[in-house]
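Here are the chains, one letter per residue:
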Amino acid sequence: MSRRARRMLFLAAIAVAGTVLIAGFTDLPGFGHYRGPYGKVLNDLAVPQRHGTDVVTAVNFDYRAFDTLGEEFILFAAVLGLAIVLRQRRGEHTRAPDERGDEHRFPGASSALGAVGLGLVGPTLLLGLYVVTHGQLTPGGGFQGGVVLAAALLIVFLAGEYLVMRVMAPHALVELGEAAGAASYALIGLGGLIFSGVFFHNFIALGTPGKLLSAGTIPLSNIGVGIEVAGAFILLWTEFLDQALVVRGT
Amino acid sequence: MEPLQVMVLALLALGAPAVVLTHDPLRQAFVVGVYGLFLAALFFVLQAPDVALSEIVVATVALPIMILLALAKIREHEREDE
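Residues numbered from 1 in each chain as written. Chains lettered and ligands numbered in written order. Predicted model: local features only at pLDDT ≥ 70, side-chain atom pairs only at ≥ 80, totals over all residues. Heavy atoms only, no water.

## A short note on the overall build of chain B
1) Next: The helix and strand inventory of chain B stands at 3 helices and 0 strands.
2) Next: Reading chain B from its N terminus to its C terminus gives the helix and strand order α-α-α.
3) Next: For chain B, the C-alpha radius of gyration of 16 Å lies well beyond 12 Å, the compact-globule estimate for 82 residues.
4) Next: Summarising its shape, the C-alpha atoms of chain B cover approximately 55 × 25 × 10 Å along the three principal directions.
5) Next: In chain B, which comprises 82 residues, the share counted as buried stands at 32%.
6) Next: Long-range pairs, those at least 24 residues apart, make up 52% of the contacts in chain B between residues at least 6 apart in sequence.
7) Next: For chain B, the accessible area works out to roughly 5,100 Å², and carbon and sulfur atoms hold 72% of it.
8) Next: Averaging the locations of the 4 positively and 9 negatively charged side chains of chain B gives two centres separated by 9 Å. (Helix = DSSP H or I, 4+ residues; strand = E, 2+ residues; numbered from the N terminus. Rg over C-alpha atoms; globule rule 2.2 N^0.38 Å. Buried < 20%, exposed > 50% of the residue type's maximum accessible area, 1.4 Å probe, protein only. Contact = heavy atoms within 4.5 Å. Areas by Shrake-Rupley, 256 points an atom, 1.4 Å probe, with all protein chains shown as cover. Lys, Arg positive; Asp, Glu negative; His and termini not counted. Charge placed at Lys NZ, Arg CZ, Asp CG, Glu CD.)

Okay, here's the thing in structure tokens:
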């Protein structure tokens, strides 16, 4: 297709898409005027019913926990697919760790970057643990906290110590964590089925709203999802890092 | 609409073309991260801190790292082809 024809096609497409968008936008509720009833209902009911002060987490891990199960396995399947696509193929070989050892380091990692990075690992890990365990009380939860936990390991790599990152997170352990985290969330759902007769029913004592141990199964679900997400992202990054730094073609 | 919301929306209107108009993919990885931070700020001033947290971790940690690693792999292929 010539440049001119491509431009004509683009202009025609954007004219149609723009018209539809503008027509759609004119029918939206005004800014700040929320029409749906469900948000208001949940805002009023979540704390008395589930004893969790973060309504968003209560929705994600209780009222629509089954949807979250699906989302969780989307991430699981995506990372599984990536691990299969990026596996070491015939004709590729890994470089031995001590051979050309400098290339295992992040190019340009100065000692200042290393010091700042290593200083950040602890606080980042702590922040991740906080976000995972306080999902039922404040904004955050398993997904966000899990990525922060994985980021703590990524900082080890950025500080210039790729091999240390591999030692701190061995492949087998990361894979086990990802699978066990995903399974534990499904098992919590099954627990609801066994103890209350409904899949994902909140079957643990709800406790006092605002306390760390409250909202029944919600904090447990968050920890399971946190482990799964952290494992999934570490696996994702190490597969990519292996491709970029270690695996070589013939 | 609060003045803060107007300000963040204006930043987004500037940031989105900046991402598209950055041609070097290496720089684009950083610009898209900054754009993600603006987006997180928008979610925050619209009182959706949960969404803001998700946006921060995805846009500033997960996405740029994957772009950078893909670029590193592509460059290595180009070097081997030379």
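## Overview of the packing of aromatic side chains
All names here are of chain A.
1) Next: Tallied over the entire structure, the rule returns 8 aromatic pairs over all chains.
2) Next: Ring centres 6.5 Å apart and planes at 70° place the aromatic pair Phe143 and Phe233 in the edge-to-face group. With Phe143 in helix α6 (residues 142-158) and Phe233 in helix α9 (residues 217-246), this residue pair connects regions lying 90 residues apart in the sequence.
3) Next: Assessed through its relative accessible area of 8%, Phe233 is described here as buried. (Phe/Tyr/Trp six-rings, centres within 6.5 Å; stacked < 30°, edge-to-face > 60°.)

## Points about the side chain of Glu228 of chain A
1) Next: Along the polypeptide, Glu228 of chain A turns up in helix α9.
2) Next: Excluding its chain neighbours within four sequence positions, the residues that come into contact with Glu228 of chain A are Glu72, Leu75, Phe76, Gly177, Glu178, Gly181 and Ala182 of chain A.

## Quick notes on a nonpolar patch on the surface
All names here are of chain A.
1) Next: Residues Phe66, Leu187, Leu190, Leu193, Ile194, Phe195 and Phe199 make up a contiguous nonpolar surface patch of roughly 740 Å² in combined accessible area.
2) Next: Ranked by residue count, the leading element in the nonpolar patch is helix α8 (residues 171-196), at 5 residues.
3) Next: The topology assignment puts Leu190 in helix α8. (Patch = residues over 30% accessible without salt bridge, like charges linked within 9 Å, V, L, I, M, F, W, Y side chains within 5 Å. Salt bridge = Lys/Arg side-chain N within 4 Å of Asp/Glu carboxyl O.)

## Observations regarding helix α2 (residues 25-45) of chain B
Note on helix geometry: an α-helix contains 3.6 residues per turn, so any two residues three or four positions apart are oriented the same way.
All names here are of chain B.
1) Next: Taking 1.5 Å per residue, 21 residues should reach 30 Å; α2 reaches 30 Å between its end C-alpha atoms and fits that length.
2) Next: What α2 keeps buried is the set Ala29, Val32, Gly33, Gly36, Ala40, Leu42 and Val45.
3) Next: Those residues of α2 that are buried lie in contact with α1 (3-21) and α3 (49-81).
4) Next: One or two residues past the end of α2 sits Gln47, with phi positive at roughly 65°. (Expected span 1.5 Å × (residues − 1).)

## Some remarks on the side chain of His134 of chain A
1) Next: Its location among the elements puts His134 of chain A in the loop between α5 (111-133) and α6.
2) Next: A polar contact is formed between the side chain of His134 of chain A and the side chain of Thr133 of chain A, at a distance of 3.1 Å. (Polar contact = N/O pair within 3.5 Å; in protein donor to acceptor, adjacent residues only side chain to side chain.)

## Topic: the interface of chain B and chain A
1) Next: Listed as interface residues are 18 residues of chain B and, on the opposing side, 21 residues of chain A.
2) Next: Between chain B and chain A, a total of about 1,700 Å² is buried, with carbon and sulfur atoms accounting for 76% of that surface.
3) Next: Inspection of the region where chain B meets chain A yields 0 salt bridges.
4) Next: Viewed at the interface, chain A and chain B are joined by 3 residue pairs in polar contact (both at pLDDT 80 or more).
5) Next: Ranked by the residues each element gives to the side of chain B that touches chain A, the list is headed by α3 of chain B, at 15 residues.
6) Next: Each residue belonging to the side of chain B that touches chain A can be placed in one class, and the counts come to 12 nonpolar, 2 polar and 4 charged. (Buried area = accessible area lost by both parts, 1.4 Å probe. Nonpolar A, V, L, I, M, F, W, Y, C, P; charged D, E, K, R; others polar.)

## Remarks on the confidence of the model for chain B
1) Next: Summarising the model, chain B shows a mean pLDDT of 88, and 99% of its residues fall at 70 or more.
2) Next: Both confidence scores are given for the complex: pTM 0.81, ipTM 0.81. (pLDDT = per-residue confidence, 0-100.)

## Thoughts on the layout of surface pockets
1) Next: Considered as a void within the structure, the second largest pocket measures approximately 490 Å³ in volume.
2) Next: Lining the second largest pocket we find 24 residues, and of these Asn60, Glu71, Phe143 and Gln144 of chain A together with Ser54 of chain B sit closest to its centre.
3) Next: At the level of elements, α3 (55-63), α4 (65-85), α6 and α9 of chain A together with α3 of chain B are the ones that each hand at least two residues to the lining of the second largest pocket. (1 Å grid on protein atoms, 1.4 Å probe; cavity = no way out; pocket = protein on both sides within 12 Å on 5 of 7 lines; lining within 4 Å. Points joined across faces, edges and corners; volume = space filled by probe spheres on them.)

## Focus: the confidence of the model for chain A
1) Next: Within chain A, residue pLDDT values average 82, and 88% of them lie at 70 or more.
2) Next: Of all secondary-structure elements in chain A, the lowest mean pLDDT belongs to strand β2 (residues 247-248) of chain A, at 58, while helix α1 (residues 3-26) of chain A reaches the highest, 93.

## Some remarks on unusual backbone geometry
Residues and elements named next belong to chain A.
1) Next: Residue His51 is not a glycine yet carries a positive backbone phi of 60°.
2) Next: Relative to the helices and strands, His51 resides in the loop between α2 (37-50) and α3.
3) Next: Despite not being glycine, Phe200 has its phi angle at roughly 65°, a positive value.
4) Next: Here Phe200 shows up in the loop between α8 and α9.

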